[in-house]
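# Overview (structure and organization)
Spelled out from the first residue to the last, the chains are:
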Amino acid sequence: MFNFINNPNREDIYCMEISPTEAIEELNIRFNEHGVGYQYESDEIIRVDSQIIHAEAVKPVLLLLSDTRFKGANEEFLKAYEHYRYGRYKECLVECLKAFESTMKTICDIQGWTYQPGDTAKNLINLCFQNNLIPTYLQTQVTSLKSSLESGVPTMRNKNAGHGQGSQPLTVPQHFAAYQLHMTASTILFLLEAEKALP
């Protein structure tokens, strides 16, 4: 129902006691009041495990990724949330890494930085550092930041969902997937804000 009322011309076509925007706000308030653990965002019902992380990282990322240039990353990030919602935690980890890599590739495209289509997260992170996506005055912290970016989203996916699991099936716990989603949101937010600050 909310996808139906949430369309570009929504304010013009509905004669209701409240506007569609107010209806969405009311739904989210009711979800919050009753501790449902979900919010309606970007045409999706998404799970909200932490109100602070959701407000400070997830919502801003969804807003920034709605820019048409980031269509691929946005699609992958929303797929990660969908997988999480339905308990498909391995798939969630895979989509998180895809969204992370797609964000960096789009930043490279916007800035005119050359990369190979098959470049991994590590190669893309190196390219972003080489082109000063992170300000040079942070050079003393760059090694730690670079290490954190390389070992965060990519490692979680690689160790739990990115490669063959062998003879014993791997089970990804819900808290791993939640952590990965939050880490991906905050990392993408950091990269998008850094790109906006470039001269």
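Residues numbered from 1 in each chain as written. Predicted model: local features only at pLDDT ≥ 70, side-chain atom pairs only at ≥ 80, totals over all residues. Heavy atoms only, no water.

### Comments concerning helix α7 (residues 121–130)
Burial of α7 is extensive: 7 of the 10 residues sit out of reach of the surface. Listed in full, the buried residues belonging to α7 are Ala121, Leu124, Ile125, Asn126, Leu127, Cys128 and Phe129. Positioned one or two residues after α7, Asn132 has a phi angle of 60 degrees, which is positive. (Buried < 20%, exposed > 50% of the residue type's maximum accessible area, 1.4 Å probe, protein only. Helix = DSSP H or I, 4+ residues; strand = E, 2+ residues; numbered from the N terminus.)

### Remarks on the pairing of strand β2 (residues 44–47)
Note that strand β1 (residues 38–41) and β2 share 4 bridges and pair antiparallel. Paired with Gln39 across the two strands is Ile46, which belongs to β2. Where β1 hands over to β2, the hairpin turn is made up of 2 residues, of which Ser42 adopts a positive phi near 50 degrees. (Pairing = 2+ DSSP bridges.)

### Looking at the pattern of salt bridges
Under the definition given, this model contains 6 salt bridges. A salt bridge links Glu26 to Arg30; the nearest nitrogen and oxygen atoms lie 2.6 Å apart. Taken together, the residues Glu26 and Arg30, both in helix α3 (residues 20–33) and 4 residues apart, mark about one turn of the helix. Given a relative accessible area of 31%, Glu26 falls into the partly exposed group. A residue is classified by how much of its surface remains accessible, and Arg30, at 45% relative accessible area, is partly exposed. A salt bridge links Glu95 to Lys98, with the shortest nitrogen-to-oxygen separation between them at 3.3 Å. Placement of both Glu95 and Lys98 in helix α6 (residues 89–111) is noted, with a separation of 3 residues, approximately one turn of the helix. (Salt bridge = Lys/Arg side-chain N within 4 Å of Asp/Glu carboxyl O.)

### Let's talk about the nonpolar core
By size, the foremost hydrophobic cluster in this structure holds 42 residues, and its most contacted members are Leu65, Phe77, Met104, Trp113 and Leu133. Put simply, the parts of the chain that give this core at least two residues each are α4 (51–65), α5 (71–85), α6, α7 and α10 (174–196). Broken down by element, this core gets its largest block of residues, 10 residues, from α6. Sequence-distant contacts of Leu65, that is, excluding residues within four places in its chain, are made with Phe70, Ala73, Asn74, Phe77, Thr103, Ile188 and Leu192. (Core = buried A, V, L, I, M, F, W, Y, C linked by side-chain atoms within 4.5 Å. Contact = heavy atoms within 4.5 Å.)

### Describing the packing of α5 against α10
Running from amino to carboxyl end, α5 crosses α10 at an angle of 160 degrees, the nearest separation of the two axes being 11 Å. As far as their axial angle goes, α10 and α5 are roughly antiparallel. For the element pair α5 and α10, the recorded crossing hand is left-handed. Of the residues in α10, those in contact with Phe77, Ala80, Tyr81 and Tyr84 of α5 are Gln174, Ala177, Ala178, Leu181, His182, Thr184, Ala185 and Ile188. A per-class count over the contact of α5 with α10 returns 9 nonpolar, 3 polar and no charged. (Axes fitted to C-alpha atoms, helices over the stretch in contact; angles between N-to-C directions. Parallel < 35°, antiparallel > 145°, perpendicular 65-115°, else oblique. Left-handed = near helix turned anticlockwise from the far one by under 90°. Nonpolar A, V, L, I, M, F, W, Y, C, P; charged D, E, K, R; others polar.)

### Remarks on unusual backbone geometry
Of all residues except glycine, most have a negative phi; of all peptide bonds, most are trans. Backbone geometry places Asn132, a non-glycine residue, at a positive phi of 60 degrees. Checked against the element boundaries, Asn132 lands in the loop between α7 and α8 (139–151).

### Some details on the packing of α6 against α10
Packing of α6 against α10 brings their axes to within 9 Å, and their N-to-C directions diverge by 5 degrees. Judged on the interaxial angle alone, α10 and α6 are roughly parallel. Contacts between α6 and α10 involve Tyr89, Cys92, Leu93, Cys96, Ala99, Phe100, Thr103, Met104, Ile107, Ile110 and Gln111 on the former and, on the latter, Gln174, Phe176, Ala177, Gln180, Leu181, Thr184, Thr187, Ile188, Leu191, Leu192 and Glu195. A per-class count over the contact of α6 with α10 returns 15 nonpolar, 6 polar and 1 charged.

### Remarks on the packing of aromatic side chains
Scanning the entire structure with this criterion turns up 2 aromatic pairs. With 5.8 Å between their ring centres and 50 degrees between their planes, Tyr84 and Tyr89 make a pair best called tilted. This pair shows no difference in class: Tyr84 is buried, exactly as Tyr89 is. (Phe/Tyr/Trp six-rings, centres within 6.5 Å; stacked < 30°, edge-to-face > 60°.)

In short, shape yes, function no, at least from these values alone.
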